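A closer look at the structure
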Amino acid sequence: MAEAARLNFSLDLNAYYELMSMYVRLGDQKRAFELLESVRQERNQLPSWFYDMLITLFGNSREPEQAERIRELMLSHGVQPTKFTYLALMQAHAVVGDYARVCPLDTILLLM
């Protein structure tokens with residue numbers, strides 16, 4: 001990120017997502033979250049679809065707790081969850097067989 005700033009260019013959100021995806025797949029969640037915070041500060045506000053993609057990424061990586069952490073960050077950044085957010089969270093918990101966490105999300109989704 002510092003090198004990009006020095007060279008006076010920025011990446012689009014898809015490129016940032018791919019970088020975060022790489023960190024998650026390498027098991028470096030700390031770096032993925034640092035990059036998320038850096039991008040959020042650079043862009044000020046991120047769209048809900050970006051958070052939804054990260055929730056899906058962590059779900060596919062069998063890390064529903066990290067997916068929940070993304071939802072919490074989303075809320076703290078003032079971005080409202082959508083139906084897609086809750087579907088991604090449901091999938092994140094279902095992938096690891098945590099059906100007790102899927103059911104409350106199902107109720108929220110039905111009320112939207």
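Residues numbered from 1 in each chain as written. Predicted model: local features only at pLDDT ≥ 70, side-chain atom pairs only at ≥ 80, totals over all residues. Heavy atoms only, no water.

A few points about the confidence of the model for the protein
Selection rule: On a range of 0 to 100, pLDDT expresses the predictor's confidence in each residue. A run of DSSP states H or I qualifies as a helix once it reaches four residues; a run of E qualifies as a strand once it reaches two. Both are numbered from the N-terminal end.
Looking at the protein, pLDDT values average 87 and 89% of them are 70 or higher. Taken element by element, the predicted model of the protein shows its lowest mean pLDDT in helix H1 (residues 2-6) (50) and its highest in helix H5 (residues 64-76) (95).

Focus on helix H3 (residues 29-43)
The line we're drawing: Between the first and last residue of a helix there are one fewer steps than residues, each counted as 1.5 Å, and that sum is the expected span. In this scheme, a residue with accessible area under 20% of its type's maximum is buried, one over 50% is exposed, and one in between is partly exposed, where area comes from a 1.4 Å probe on protein chains only. The directions considered for the arc are those from the helix axis to the C-beta atoms.
In this model H3 runs 21 Å from its N-terminal to its C-terminal C-alpha over 15 residues, within 8% of the 21 Å that 1.5 Å per residue would give. Buried within H3 are the following residues: Gln29, Ala32, Phe33, Leu35, Leu36, Val39 and Arg40. The buried residues of H3 occupy an angular sector of 160° when projected down its axis, which confines them to one face. In H3, the exposed positions angled more than 90 degrees off the buried face are occupied by Lys30 and Gln41. The first or second residue beyond H3 is Asn44, which carries a positive phi of 70°.

Brief notes about helix H6 (residues 83-95)
What counts is decided by this rule: Counted as a polar contact is a pair of N or O atoms within 3.5 Å, where, for protein atoms, one must be capable of donating a hydrogen and the other of accepting one, and residues adjacent in sequence contribute only when both atoms are in side chains.
The terminal C-alpha atoms of H6 lie 18 Å apart, and with 13 residues this matches the ideal 18 Å at 1.5 Å per residue to within 8%. Burial in H6 covers these residues: Thr85, Tyr86, Ala88, Leu89, Met90, Ala92 and His93. Capping the start of H6, Thr82 holds a side-chain oxygen 3.2 Å from the backbone nitrogen of Phe84, two or three residues further along. Of the residues trailing H6, Gly97 is marked for its positive phi of about 75°.

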